[in-house]
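Close look at the chain arrangement
If you want the building blocks of each chain, they are given just below.
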Amino acid sequence: MKDKRPDTDKFDARLAAVYRERTDKQQHYDDWASSYDSDLVDDLDYVAWRAAGDLFAERVDARDQPILDVACGTGLVGEYLRDLGFDQIDGADFSGEMLAVAARRNVYRELWQHDFTRPRRPEPGYAALICVGMFSFTTPRISDLPHVVDCVRPGGLCVITVNGAAWRELDLETGARRAAAEHGFTITEMITIDYIREQDIDARVLVIRR
Ligand SMILES: C[S@@+](CC[C@H](N)C(=O)[O-])C[C@H]1O[C@@H](n2cnc3c(N)ncnc32)[C@H](O)[C@@H]1O
């Protein structure tokens, strides 16, 4: 029988390591935290954090409301949004070491640890959120989208990237539309941006209204 798993080994080894199914993903990100920025930004021309940040800033007027950076990693996105004028940014991630690097940037109001394969609805919800780089080939699955969307209050806006190679190879559009229909949120835009240029990977940005 033909193996239908996507061929993620065609990518740079540092990407393939997180694109394949593994049970130690959190530990892997912990171990990657100290070299993540130089590996991705300097070596592989990772650019989605700026493009998604720009899309977010174009759509969210109020710079002084609490917003959430989901899967904040080392804080690239938070720092970019701070420079665009946002001044109440919280961050969340499941990797304690990634959060520790993010904390040293001094741009986040609060950082909290959470695995988005599970629900958590902060009260009160955030006005808006951004999530860059978390949805890809493996966990969290596109069916976990509601765990992210539920972090904003009703009517709040979400700007969420999905790895473009995974989007096509796993037909994640079907899963995203199903999640929206079942959980009552609206995908208002789907935009293609550059993601990791050195590897020719793009991203689909989902703009969602809860
Ligand atoms: C490719 S990095 C992106 C980080 C950051 N947003 C950026 O643009 O540089 C993916 C991030 O998602 C986090 N992550 C992966 N799976 C997660 C999960 N199930 N729950 C929470 N965070 C997760 C990782 O720890 C990592 O920081």
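These remarks concern the structure in this document.

About the criteria used
Residues numbered from 1 in each chain as written. Predicted model: local features only at pLDDT ≥ 70, side-chain atom pairs only at ≥ 80, totals over all residues. Helix = DSSP H or I, 4+ residues; strand = E, 2+ residues; numbered from the N terminus. Expected span 1.5 Å × (residues − 1). Buried ≥ 20, exposed ≤ 12 C-beta atoms within 10 Å, placed from the backbone. Arc of directions from axis to C-beta. Contact = placed C-beta atoms within 7 Å. Near = placed C-beta within 6 Å. Nonpolar A, V, L, I, M, F, W, Y, C, P; charged D, E, K, R; others polar.

Taking 1.5 Å per residue as the helical rise, helix 4 (residues 48-59) with its 12 residues ought to reach 16 Å, and the 17 Å between its terminal C-alpha atoms agrees with that figure. All of the buried residues along helix 4 are Ala48, Trp49, Ala52, Gly53 and Phe56. Across the axial projection of helix 4, the buried residues extend over an arc of 125 degrees, all falling on one side. Check the buried side of helix 4 and you find it contacts helix 5 (76-83), strand 4 (126-135), strand 5 (152-163), strand 6 (186-196) and strand 7 (201-209).

On to the site of the ligand, then. Around the ligand, the surrounding shell holds 19 residues, and the nearest of these are Tyr29, Ala71, Gly73, Phe94 and Gly133. Those elements giving two or more residues to the shell around the ligand turn out to be helix 5 and strand 4. Looking at the shell around the ligand, the element that brings in the most residues is strand 4, giving three residues. Grouping the amino acids of the shell around the ligand by side-chain chemistry returns 12 nonpolar, five polar and two charged.

Everything listed here is a matter of geometry and, on its own, says nothing about what the molecule does.
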